[in-house]
Amino acid sequence: MDITILGIESSCDDTSAAVIRNNVLLSNVIASQAVHIKYGGVIPELASRAHQQNIIPVVDTALKEAGLTPEEIDAIAFTRGPGLLGSLLVGVSFAKGLSIAHNIPMVEVNHLQGHILSHFIDLQDRALPHPGFPFLCLLVSGGHTQIVRVDSPLEMEIIGTTIDDAAGEAFDKCAKVMGLPYPGGPVIDKLAKEGDPKAFRFARPHVDGYDYSFSGLKTSFLYTLRDAVANDPGFIENNKASLCASLQKTIVEILLDKLVRASKDLGIRDIAIAGGVSANSGLRNGIVEEGRRRGWRTFLPEFKFTTDNAAMIAMAGYYRYQHGDFSSLGVSPVARLQEL
């Protein structure tokens, strides 16, 4: 029997709704918020207000593009957390209202698990490659950096995580210091293609196990700029591309070093990446090259599934629906991963 899921995502600054039938994507609509660019970061209050304005037309458009009415939806999957509490509240509240109005069951989704399960989405015109179980997923988003062992769609274990800044935060904070626009990660990626990745060396952390740390790298980067600019006020502008290339190379090597170690120790060779930073060309090229050397099967998400989107939420909701894992109307959003 076919299962049709409406997914709703509102964890940060993108309002998204999607419809899947089984694991085939029928529609995926995203409304982004440009208002935050001039502030150099997401302003939570502005984000939640924008979600309130966007959610009804976004959900309506997703249903229309899928050619469905609410009565034809088997369940509503929504992001419960982690994320900005006010933004999450808009999505959760809307899901509750739609559930009550049309008597549709609800399924709550961990946003980060949604990123991982985006690897199981198929498109209407073609099937996409899917990893086999167990596999390792390097989850790299703006606020999280993790290595996750995935034994099934409902069985995941975080075996490594950041103990301070995430990789995405390192990109954005270093970009801000160089005067680059927000979000800084994509800008660094673009400039890095024009620079020399061996021009500068930055500090690398020494953290036990599979955990990550990026605060030392960020501090090393800041000190490099401070000392150089003291002698040459035009240093950043004259070396921007090579600074970006060297920074990106360092972050990618830190990420892959722990991933390689985890793969060796656990004997797992199906390796995936997910999250916003998985769109970074240096990381994508690096993991493909590492895979060639080590005999991995590597899985890169389609670019449209790297950012926050409801397709991944619907996909995760599909597996929870199959398991009969439904949410009550008393469910509340949670901002922190530890609360899920």
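Source: prediction; values computed, not measured.

A. A look at the sheet that holds strand β6 (residues 135-140). The strand order across the open sheet built from five strands is β8-β7-β6-β9-β10, with neighbouring strands paired in mixed fashion. At either end of the open sheet lies a strand with only one pairing partner, and these are β8 (155-161) and β10 (297-299). Each adjacent strand pair in this sheet contributes to an overall mean axis angle of 25 degrees, direction not counted. Two elements, β6 and strand β9 (residues 270-274), share four bridges in a ladder whose sense is parallel.

B. Region of the structure containing the pairing of strand β2 (residues 14-21). With seven of eight residues buried, β2 lies mostly within the body of the structure. Sheet analysis places strand β1 (residues 4-9) next to β2, joined by six bridges and oriented antiparallel. Bridging across to β2, I5 finds its partner in I20. The loop that links β1 with its antiparallel partner β2 comprises four residues. Pairing between β2 and strand β3 (residues 24-32): eight bridges, direction antiparallel. Note on β3: the bridge partner recorded for I20 is L25. From the end of β2 to the start of β3, which pair antiparallel, there are two residues, and N22 there has a positive phi angle of about 60 degrees.

C. Focus on helix α6 (residues 215-231). Here α6 spans 25 Å end to end across 17 residues, near enough to the 24 Å set by a 1.5 Å rise per residue. What α6 keeps buried is the set L217, K218, S220, F221, L225 and A228. The buried residues of α6 occupy one face: seen down the axis, they fall within an arc of 160 degrees. Residues of α6 that are exposed and point over 90 degrees away from its buried face: R226 and A230. Looking at the buried residues of α6, the elements they touch are α4 (167-177) and α7 (235-266).

D. Structural detail: the UniProt feature "binding site: Fe cation" (unreviewed entry) in the chain. Mapped onto this numbering, the UniProt entry gives "binding site: Fe cation" (unreviewed entry) at H111, H115 and D308. Across 198 residues in sequence, these annotated residues keep their C-alpha atoms within 8.6 Å of one another, forming a single compact spot. Following the sequence through the fold, H111 ends up in helix α3 (residues 111-117). Residues in contact with H111, not counting those within four places in the same chain, are E9, S11, T79, G81, P82, D308, M312 and I313. When you line up the elements, H115 lands in helix α3. The class of H115 is buried, set by a relative accessible area of 1%. Ignoring any residue separated from it by four or fewer positions in sequence, one finds H115 in contact with L139, A274, G275, G276, F305, T306, T307, D308 and M312.

E. Broad picture of the packing of α4 against α6. Contact geometry of α4 with α6 gives a least axis separation of 10 Å together with a crossing angle of 15 degrees. The angle between the axes of α4 and α6 places the two elements in the roughly parallel class. Note that α4 runs across α6; the crossing there is right-handed. Across the interface between the two elements, K173, C174 and V177 of α4 pack against K218, F221, L222 and L225 of α6. Classifying every residue of the contact of α4 with α6 gives five nonpolar, no polar and two charged.

F. Molecular detail of the domain arrangement of the chain. According to the domain assignment, the chain contains domain 1 (2-126 + 303-321) and domain 2 (133-300). The gap between the C-alpha centroids of domain 1 and domain 2 is 27 Å. Counting from both sides, the interface comprises 17 residues of domain 1 and, opposite them, 24 residues of domain 2. Both faces considered, domain 1 and domain 2 share a buried interface measuring about 1700 Å² in area, 77% of it formed by carbon and sulfur atoms. Among the residues domain 1 hides against domain 2, the three largest losses belong to L112, I116 and H119. Together they make up 34% of the total. At the junction of domain 1 and domain 2, the tally comes to zero salt bridges. For the pair domain 1 and domain 2, the interface holds two residue pairs in polar contact (both at pLDDT 80 or more). Of all elements in the fold, only α3 and α9 (310-322) reach the threshold of two or more residues within the side of domain 1 that touches domain 2. If one sorts the elements of the side of domain 1 that touches domain 2 by residue count, α3 sits on top with five residues.

Parameters at a glance
Residues numbered from 1 in each chain as written. Predicted model: local features only at pLDDT ≥ 70, side-chain atom pairs only at ≥ 80, totals over all residues. Heavy atoms only, no water. Pairing = 2+ DSSP bridges. Helix = DSSP H or I, 4+ residues; strand = E, 2+ residues; numbered from the N terminus. Axes fitted to C-alpha atoms, helices over the stretch in contact; angles between N-to-C directions. Buried < 20%, exposed > 50% of the residue type's maximum accessible area, 1.4 Å probe, protein only. Expected span 1.5 Å × (residues − 1). Arc of directions from axis to C-beta. Contact = heavy atoms within 4.5 Å. UniProt positions renumbered as here; feature names shortened; annotations may be inferred. Parallel < 35°, antiparallel > 145°, perpendicular 65-115°, else oblique. Left-handed = near helix turned anticlockwise from the far one by under 90°. Nonpolar A, V, L, I, M, F, W, Y, C, P; charged D, E, K, R; others polar. Domains from an automatic or database assignment. Buried area = accessible area lost by both parts, 1.4 Å probe. Salt bridge = Lys/Arg side-chain N within 4 Å of Asp/Glu carboxyl O. Polar contact = N/O pair within 3.5 Å; in protein donor to acceptor, adjacent residues only side chain to side chain.

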